[in-house]
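Descriptive analysis of the structure
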Amino acid sequence: MKILVIGAGGREHALAWKFAQSDQVDEVLVAPGNAGTALEPGVQNVDVPAEEIDRLVALAKERRIDLTVVGPEAPLAAGVVDRFKEAGLKCFGPTADAAQLESSKAFAKEFLSRHEIPTAAWTVVDNVADGMAFANGHPLPLVLKADGLAAGKGVVIAEDERTVKKTLEDMLSGNAFGQAGHRVVIEEFLVGEEASFIALVDGETVLPLATSQDHKQRDEGDKGPNTGGMGAISPAPVIGDELHEKVIAEIILPTARGMVADGHPFTGFLYAGLMVTQTGAKVLEFNVRLGDPETQPILMRLESDLAAALMDTLDGRLDELELQWDSRPAIGVVMAAGGYPDEYRKGDPITGLDLDRPDGIKVFHAGTRLQDDQVLTNGGRVLCVTALGETLHKARGELYRWLPQIGFRDAYYRTDIGHRALARREH
Ligand code: AMP
Ligand code: GLY
């Protein structure tokens, strides 16, 4: 079969790399891709941006694509799956209606409350006075979230009332996040450990992928500004067997069933961002796609054929599907451009990519591009160096020993990815 991957990040490089390994796959195209997908054996970039849905449909028809897989949220929210379906093309992901679980935080919270799925106490406001009224009745800190898509940056944890007020003003005026901030969700601050729980979903049928945990903050010790994710591990030891069952029974299945009951059945990767609190796991957010960088370590561990699995899901056979996982843990560390998530440089050459790597280490590209034969930086998150090992401790040791072979100007990475898991377990 021929596969088209939509997107340009590390998640999409990992997807394309995985698809290219399948003996059922003849061709993998990535639109628009990055230098990593350009250089990946069996993978080819096509210069069509992920937002240009008309051109993507035309490309899929012209190249006789059998299966399109969407990486990022923006095209899903814009209805890429609906448009492919109308054109008679197979496209893996939720419709725009179902993608509201991610594209509107208010939609997600209303959904969670209606279906009694555990989440933080919340309200949604469109003016400062209502926001302050909620704040007066709830303990600080409070979490404020712009309703719409804001690339993981639309969340502010306010420690005092002044910050609540200022954030409400900034978001509601449209200055901070434009249209995305015209409604603001305010919610209770949850204490616990975060984990990412991603499942394949088709209507009421669900099949979990391996668990994972990312580190969203930029700096060591999970401090500093929120980013798209600075590194991830799989599995997440915080999700033990018992909790795993509970998450499926109390969160994932009710979500799938609720979406069907509400008239917008979900097909695709459903990502529940969880806070594991003392009273159980609660949903912090939904994403309607794979996480980045969680995908990189997760797919390093997947032994089954992902292309066949996604095709089976679209053909209504998710209930018969089983996925095999490598029992070894994996870890991915993001090399970012200094300054990310704020201002950062682009266009600097990356060295060391051609060097021999130890077995079990793979470098996934994110913000990179190819100019002549040179790989240049082209985004905030530049690379995700990913390693598989007998234990997390060993994988992480190998990774951090080898990683400094790669370099670019002002490269920045955290040296403590996986610290929560390691603190929890003896390795
Ligand atoms: P979100 O985009 O909703 O996942 O929020 C981004 C990050 O903000 C999460 O990964 C958490 O680290 C933090 N966060 C969001 N909501 C809460 C909450 N209710 N309590 C504590 N931390 C939160
Ligand atoms: N790593 C979190 C996300 O993909 O949104």
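Report on the accompanying structure. Computed from a predicted model, the values in this text were never measured in an experiment.

Each value, and the rule that gives it
Residues numbered from 1 in each chain as written. Chains lettered and ligands numbered in written order. Predicted model: local features only at pLDDT ≥ 70, side-chain atom pairs only at ≥ 80, totals over all residues. Heavy atoms only, no water. Core = buried A, V, L, I, M, F, W, Y, C linked by side-chain atoms within 4.5 Å. Buried < 20%, exposed > 50% of the residue type's maximum accessible area, 1.4 Å probe, protein only. Helix = DSSP H or I, 4+ residues; strand = E, 2+ residues; numbered from the N terminus. Contact = heavy atoms within 4.5 Å. Near = heavy atom within 4 Å. Polar contact = N/O pair within 3.5 Å; in protein donor to acceptor, adjacent residues only side chain to side chain. Areas by Shrake-Rupley, 256 points an atom, 1.4 Å probe, with all protein chains shown as cover. Nonpolar A, V, L, I, M, F, W, Y, C, P; charged D, E, K, R; others polar.

Membership of the largest hydrophobic core comes to 53 residues, with the highest contact counts inside it found for F84, L101, I239, I251, L274 and F286. Here this core takes eight residues from helix 10 (residues 241–261), the largest share from any one element. Once you skip the residues sitting within four places of it in the chain, L274 turns out to touch E193, E194, A195, F197, I239, V247, I251, A281, K282, V283 and L284. Counting 37 residues, the second-largest nonpolar core is a separate cluster that includes V30, F92, L290 and I298.

As a matter of local geometry, ligand 2 sits amid D214, K216, G228, Y271, N287, R289, G291, D292, P293 and E294. D214 has a polar side-chain atom sitting 2.7 Å from a nitrogen atom of ligand 2. Separating an oxygen atom of ligand 2 from a backbone N or O atom of D292 is a distance of 2.9 Å. Here ligand 2, which alone exposes 200 Å², has 90% of that area covered by the protein. Looking at the shell around ligand 2, its residues break down into two nonpolar, three polar and five charged.

Quick look at the site of ligand 1 now. Surrounding ligand 1, one finds 15 residues, the nearest of these being E187, E188, L190, E194 and E285. The separation between a nitrogen atom of ligand 1 and a polar side-chain atom of E187 is 2.8 Å. Taking E188, its main chain carries an N or O atom lying 2.9 Å from a nitrogen atom of ligand 1. For ligand 1, whose unbound accessible area comes to 470 Å², protein coverage reaches 96%. For the shell around ligand 1, the secondary structure elements donating two or more residues are strand 7 (142–146), strand 9 (184–188) and strand 17 (280–287). Broken down by class, the residue content of the shell around ligand 1 amounts to seven nonpolar, one polar and seven charged.

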